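Close look at the chain arrangement
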Amino acid sequence: MSKKIPTIIVITSILFFNLFFPVMAAEPTVTSDTSWLSDLVAPSSYFHVRDGNINEITPEDYINRYRRALGLPELRTNEALQASAKNHVDYQNKNGLYNGDPHGENPDAVGFTGATPSDRCIAAGYGSYCGEVQAGGDGDLYSALDGFMMTPFHRLGLIGVGATEVGCAHTGNWVTCDIGYTLYSGYSTDFDFDQPILYPANGQVISTTFPVYETPMPYPDYAGERIGPTLMLWISSMSTPPEAEVALYDLTAQKSIDTIISIDTENWYTLNAVFFNPVEPLELDHEYAAYVHDISGAEAFSEVWTFKTQKSSYVDFPNANETITYDAHVDWAGSGAEQLITTPDPSLSQLIDRLSGYIMLAVDNHGEAWYIDPVSRYRYYLKDGPTAYEFLRSFGLGITNADLAKIPTENDAVGGGITAQRLSGRILLQVEEHGEAWYINPSDLKRYYLANGDEAYRIMREISLGTLMSAISGIEVGEIVLNSD
């Protein structure tokens, strides 16, 4: 089916407190050097903010999913901001734009509640220290929130480190989120303002494209077109535009992405963030590594991180009832990166806790597959499909049909649930049937049917995590004596 595109309307006025006089700085440059790849550290698995049923959470909580992923303090939901946002979308649903200004209202129109976002916040009982982001189109509220995070300037509004509260509303074709900056009792001020904020977050799964519909227009030469997603490094404490070099590498195809465009860091809408976009949409279900380095001589930042693209095609602004599929496993074989799985804590016990129930693929040792048993806490060598089938069945835990039905299958859109979490990484046998075996994948909390050796081999290869033998060599090897009958 064709995909609707909620048009992103305008950057919010929340940027008013950052109006510095522009300082001349070079636009970020693209480097062809790839030596930085050796500094990559892989996530244990990839994640998507769409995990689970988003219909069960509020839009404010959904914004906080993004903020948590970026290491930012959560925003508190404020009813006055919700009321202010609701007043404005109700007005627009009746009257449309006023003189082309999506943040303005006509004092003579029905439903007028304030000429500016600040006026509307005051009218709703919040106060004047607030701002606004807004979208218009035929998507739902959640599709607009994803749209905000795809765009460079609106994204900064929602992830601002000075923001403390938020309230969102949706009426007809309009979505508004009002953002407050008033400190409240219990608000945490522990955030390090010198900490780089990276988007996408390390290990995040994102769309392959960015439809260029934002106002103001970040890339005028590509207005209305689809380009690659907007990548970012932002240090909120920086008071002058940074000078940076950037790079993007396709870990799956093992090639550099050379066609990259960027926004001048002297543009005050960027709030001194470094933005860069691949010109072409990225490939589906590929892993990528990003690099941003300070070239001013100050050595203020140097960051490398990784992200992945989703498997479903071009669902850029999905509604709550639309499915995004993605593969959570890490597979960096032959990428040139030296560390395929990170073990930041030297404790063997914590390493086993972390890998418990996973099938690990030693990409530097002939692709050997190892199962980390959650019960014995040993690793077991899965030589091939038939061996894996027999080995994994020997770990089987009996389960009733009723309990098994509570766990989503690999073909379901979303995994999870209490039963799946409790049995993560285990092998289950249907005791009320013919002893059919199922593997509960810890990465997506879905069950995979081990019908035979071929299916066991498919599971080993498709949902295993890439690693080096040195990363798991400390885990004791277990032995299984199979029944010869």
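Below or above, wherever it landed, is the structure these notes cover.

Reading guide: rules and limits
- Residues numbered from 1 in each chain as written.
- Predicted model: local features only at pLDDT ≥ 70, side-chain atom pairs only at ≥ 80, totals over all residues.
- Heavy atoms only, no water.
- Pairing = 2+ DSSP bridges.
- Helix = DSSP H or I, 4+ residues; strand = E, 2+ residues; numbered from the N terminus.
- Axes fitted to C-alpha atoms, helices over the stretch in contact; angles between N-to-C directions.
- Contact = heavy atoms within 4.5 Å.
- Buried < 20%, exposed > 50% of the residue type's maximum accessible area, 1.4 Å probe, protein only.
- Phe/Tyr/Trp six-rings, centres within 6.5 Å; stacked < 30°, edge-to-face > 60°.
- Lys NZ or Arg CZ within 6 Å of the ring centre and 35° of its normal.

1. So, the sheet that holds strand β7 (residues 197-199)
- Taken in spatial order, the four strands make up an open sheet running β7-β11-β15-β14, and their pairing is antiparallel. Each end of this open sheet is capped by a strand with a single partner; those strands are β7 and β14 (260-262). Ignoring strand direction, the axes of neighbouring strands in this sheet form an average angle of 15°.
- In this sheet, strand β15 (residues 274-278) lies alongside strand β11 (residues 231-234) in antiparallel orientation, the contact comprising three bridges. When the sheet's bridge partners are listed, L231 is paired in β15 with F276.
- Where helix α5 (residues 152-159) meets the sheet, it contacts β7, β11 and β15, and its direction lies at approximately 45° from that of β11.

2. Digging into the environment of G396
- The residue G396 is located in the loop between α7 (385-394) and β21 (397-399) in this model.
- Setting aside anything within four residues of it in sequence, one finds G396 in contact with I427 and L429.

3. Focus: the pairing of β11
- Burial along β11 is two-sided: L231 and L233 and M232 and W234, pointing in opposite directions, are all buried.
- Bridge count between β7 and β11: three bridges; the pairing is antiparallel. Each residue of the ladder has a partner; that of L198, found in β11, is L233.

4. Points about the packing of aromatic side chains
- Evaluated as defined, the whole model comprises eleven aromatic pairs.
- A ring pair is formed by Y288 and F307, whose centres lie 5.6 Å apart and whose planes are at 15°; its orientation type is stacked. With Y288 in strand β16 (residues 287-294) and F307 in strand β17 (residues 302-309), this residue pair connects regions lying 19 residues apart in the sequence.
- Each member of the aromatic cluster is reached from another via a ring pair, and the members are Y62, Y66 and Y142.
- Cation over ring: R76 sits above Y184, and NZ or CZ is 3.6 Å from the ring centre.
- In this structure, R379 packs its charged tip against the face of W370, placed 4.5 Å from the ring centre.

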